[in-house]
Amino acid sequence: MPRLPLSEFLQGPATAPILDVRAPIEYEQGHIPGALSLPLFTDEERARIGTAYKQVSQDRAVHIGLEFFGPKMSRVVKRAQKMAPDKEVRLHCWRGGMRSGAVLWLLELAGFRVHLLDKGYKDYRRWALAQFTEPRPMLILGGLTGSGKTDVLHELARQGETIVDLEGLASHKGSSFGAIGLPPQPTPEQFENNLALELDALPTTVVPWLEDESLTIGRITIPKPFFETMRHAPLVVLDIPRAVRTRKLAAEYGKEDPQQLAEAIQRISKRLGGLATKDALAAIESGDMEQMVDIALTYYDKTYGFGLDNKVNSRIVRVPSDTCDPVVNAGLVREAVRREGLVELAQSPAQHAGS
């Protein structure tokens, strides 16, 4: 079976799952989105082979690998059959070397049709990182904490706009409270892999919306070249009264675990100050979510306001609203974009040069 370049491999038959034969620890660190783990060696076996390669010889490493591989050949085939009932797979290892070659031989012997990725997962990583250096038109949606930016982003999608939900990809809402109620974050490498594939799938004729973010979302760092593009894109800022935002957040956090809320307050205690931290923790204990949120917003509003004063975006447009209703605010945002010609600005060569 000929080796496929990455573009053909990714566009391969939808019924042919991608099987990643690297060790579990490699797969968990980062993998091609949608790939299934079919490890040829365990983490411990991989480590032993690597040590033999470095300290003895390549021949010794190969012999050890064959000793591990022989007894598990039947199990590998059976697992592959469960993953790919049609007996057609796309296969890769780290560099397209001996591991994928061995499994290719085994699966073809078992009657599989195998599409092998030339240069392996390493080539996917090279391609993924290159996506973040591409000049891309985009529109950024900003606003103080509690403005409902994510809700508006999703409403824009329902209204036919194209979006890239960075917080969704990062499984984090960005603040100290951002992990509450969400699944664990992906690894930084997996976040990059997922984001790259989503960016590559964007239609070339549209300007996507993204939410205004700091460089980090929880423990995830946005790739710096891509973040610089975001910093220079047109920015639409929702301007929602603090009382409205406080009520919205209080309603949301009132459903969450008080212990997790208290831990979130403790994480920003140095910035809040001792008295404010004490009052916020007391408010959580008494169930007064509005007071807790109001105290936290004192810090977050000051932080975002300072950041807004130092923005370098090509255009900043404020959109006042007295509600957090995403349908209303999505309409206001779209009207502001039309009125200010922001799509054309985002697409201009000068804008791309600025990023």
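Below you will find a few notes about this structure. The shown structure was predicted, so the numbers you read here are calculated from the model rather than taken from an experiment. (Residues numbered from 1 in each chain as written. Predicted model: local features only at pLDDT ≥ 70, side-chain atom pairs only at ≥ 80, totals over all residues. Heavy atoms only, no water.)

### Remarks on the overall build of the protein chain
Right, on to step 1. For the protein chain, the count of helices and strands is 18 helices and 12 strands.
Right, on to step 2. In terms of overall dimensions, the protein chain has C-alpha extents of about 70 × 50 × 40 Å along its principal axes.
Right, on to step 3. The proportion of buried residues among the 355 residues of the protein chain is 48%.
Right, on to step 4. For the protein chain, restricting intrachain contacts to residue pairs at least 6 apart in sequence, the fraction spanning at least 24 positions comes to 75%.
Right, on to step 5. Accessible surface, the protein chain as shown: approximately 17,400 Å² in total, 54% of it carbon and sulfur.
Right, on to step 6. For the protein chain, the distance from the average site of its 43 positive side-chain charges to the average site of its 45 negative ones is 6 Å. (Helix = DSSP H or I, 4+ residues; strand = E, 2+ residues; numbered from the N terminus. Buried < 20%, exposed > 50% of the residue type's maximum accessible area, 1.4 Å probe, protein only. Contact = heavy atoms within 4.5 Å. Areas by Shrake-Rupley, 256 points an atom, 1.4 Å probe, with all protein chains shown as cover. Lys, Arg positive; Asp, Glu negative; His and termini not counted. Charge placed at Lys NZ, Arg CZ, Asp CG, Glu CD.)

### Concerning helix 15 (residues 289-309)
Right, on to step 1. Its 21 residues place the ends of helix 15 29 Å apart at the C-alpha level, agreeing with the 30 Å of an ideal helix rising 1.5 Å per residue.
Right, on to step 2. Of all the bends found along helix 15, the most pronounced is centred on Leu 297 and spans about 30°. (Expected span 1.5 Å × (residues − 1). Bend = angle between axes of the 7 residues up to and from the residue.)

### Some details on the pattern of salt bridges
Right, on to step 1. Applying the stated rule across the entire model yields 18 salt bridges.
Right, on to step 2. Residue Arg 99 is joined to Glu 26 by a salt bridge in which the shortest nitrogen-to-oxygen separation is 2.8 Å. On the criterion of sequence distance, the pair formed by Arg 99 in helix 5 (residues 98-109) and Glu 26 in helix 2 (residues 24-29) is long-range, its members being 73 residues apart.
Right, on to step 3. For Arg 99, a relative accessible area of 17% translates into the label buried.
Right, on to step 4. The closest approach of N and O atoms between Lys 311 and Asp 212, which form a salt bridge, is 3.0 Å. One end of the pair, Lys 311, is in the loop between helix 15 and strand 12 (316-320); the other, Asp 212, is in the loop between strand 8 (209-211) and strand 9 (216-217), with 99 residues separating them in the sequence.
Right, on to step 5. Lys 311 gets classed as partly exposed once you look at its relative accessible area, which sits at 28%.
Right, on to step 6. Look at Asp 212 and you get buried, because its relative accessible area is 12%.
Right, on to step 7. Through salt bridges with shared partners, a single ionic network connects Glu 26, Arg 46 and Arg 99. (Salt bridge = Lys/Arg side-chain N within 4 Å of Asp/Glu carboxyl O.)

### Observations concerning the side chain of Ser 321
Right, on to step 1. In this fold, Ser 321 is placed in the loop between strand 12 and helix 16 (326-340).
Right, on to step 2. Residue Ser 321 is classed as buried on the basis of its relative accessible area of 10%.
Right, on to step 3. Side-chain polar atoms of Ser 321 contact the side chain of Asn 329, separated by 2.6 Å.
Right, on to step 4. If near-sequence neighbours (up to four positions away) are discounted, Ser 321 is found in contact with Asp 239, Ile 240, Pro 241, Asn 329 and Leu 332. (Polar contact = N/O pair within 3.5 Å; in protein donor to acceptor, adjacent residues only side chain to side chain.)

### Topic: the packing of helix 7 (residues 149-158) against helix 16
Right, on to step 1. Relative orientation of the contacting elements helix 7 and helix 16 amounts to 70°, with a least axis distance of 8 Å. Our classification of the angle between helix 7 and helix 16 gives roughly perpendicular. Along the contact surface, helix 7 presents Asp 151, Val 152, Glu 155 and Leu 156, while helix 16 presents Pro 326, Val 327, Asn 329, Ala 330 and Arg 334.
Right, on to step 2. A breakdown of the residues in the contact of helix 7 with helix 16 according to their chemical character gives 5 nonpolar, 1 polar and 3 charged. (Axes fitted to C-alpha atoms, helices over the stretch in contact; angles between N-to-C directions. Parallel < 35°, antiparallel > 145°, perpendicular 65-115°, else oblique. Nonpolar A, V, L, I, M, F, W, Y, C, P; charged D, E, K, R; others polar.)

### Some details on the pairing of strand 4 (residues 88-92)
Right, on to step 1. The buried fraction of strand 4 amounts to 5 of the 5 residues, a majority that puts the element mostly inside the structure.
Right, on to step 2. Going residue by residue along strand 4, you find Glu 88, Arg 90 and His 92 tucked away on one face and Val 89 and Leu 91 tucked away on the opposite face as well.
Right, on to step 3. Summarising the sheet, strand 2 (residues 18-20) and strand 4 pair through 3 bridges and their orientation is parallel. Note on strand 4: the bridge partner recorded for Asp 20 is His 92.
Right, on to step 4. Taken together, strand 4, helix 5 and strand 5 (residues 113-117) constitute a β-α-β crossover, and its handedness is right-handed. (Pairing = 2+ DSSP bridges. Right-handed = clockwise from strand over helix to strand, strands pointing away.)

### Observations regarding the packing of aromatic side chains
Aromatic ring pairs are defined here through the distance separating the ring centres and the angle between the ring planes.
Right, on to step 1. Throughout the structure, instances matching the rule amount to 6 aromatic pairs.
Right, on to step 2. Taking 6.3 Å as the distance between ring centres and 15° as the angle between the ring planes, the aromatic pair formed by Tyr 121 and Tyr 124 counts as stacked. Here the residue Tyr 121 and the residue Tyr 124 both occupy positions in helix 6 (residues 120-131), the gap between them amounting to 3 residues, near one helical turn.
Right, on to step 3. When its relative accessible area of 1% is taken as the criterion, Tyr 121 is described as buried.
Right, on to step 4. Judged by its relative accessible area of 0%, Tyr 124 falls in the buried class.
Right, on to step 5. Taken together, the ring pairs connect Trp 94, Tyr 121, Tyr 124 and Trp 127 into an aromatic cluster.
Right, on to step 6. Here Arg 22 stacks its cationic end above the ring of Tyr 121, 4.0 Å away from the centre of that ring.
Right, on to step 7. When the ring centre of Phe 9 is taken as reference, the NZ or CZ atom of Arg 90 above it lies at 6.0 Å. (Phe/Tyr/Trp six-rings, centres within 6.5 Å; stacked < 30°, edge-to-face > 60°. Lys NZ or Arg CZ within 6 Å of the ring centre and 35° of its normal.)

### Here's the deal with the sheet that holds strand 2
Right, on to step 1. On the basis of which strands lie adjacent, the open sheet formed by 5 strands has the order 1-5-4-2-3 and parallel pairing. At either end of the open sheet lies a strand with only one pairing partner, and these are strand 1 (3-4) and strand 3 (36-37).

The quantities given are spatial measurements derived from coordinates; they are silent on function.
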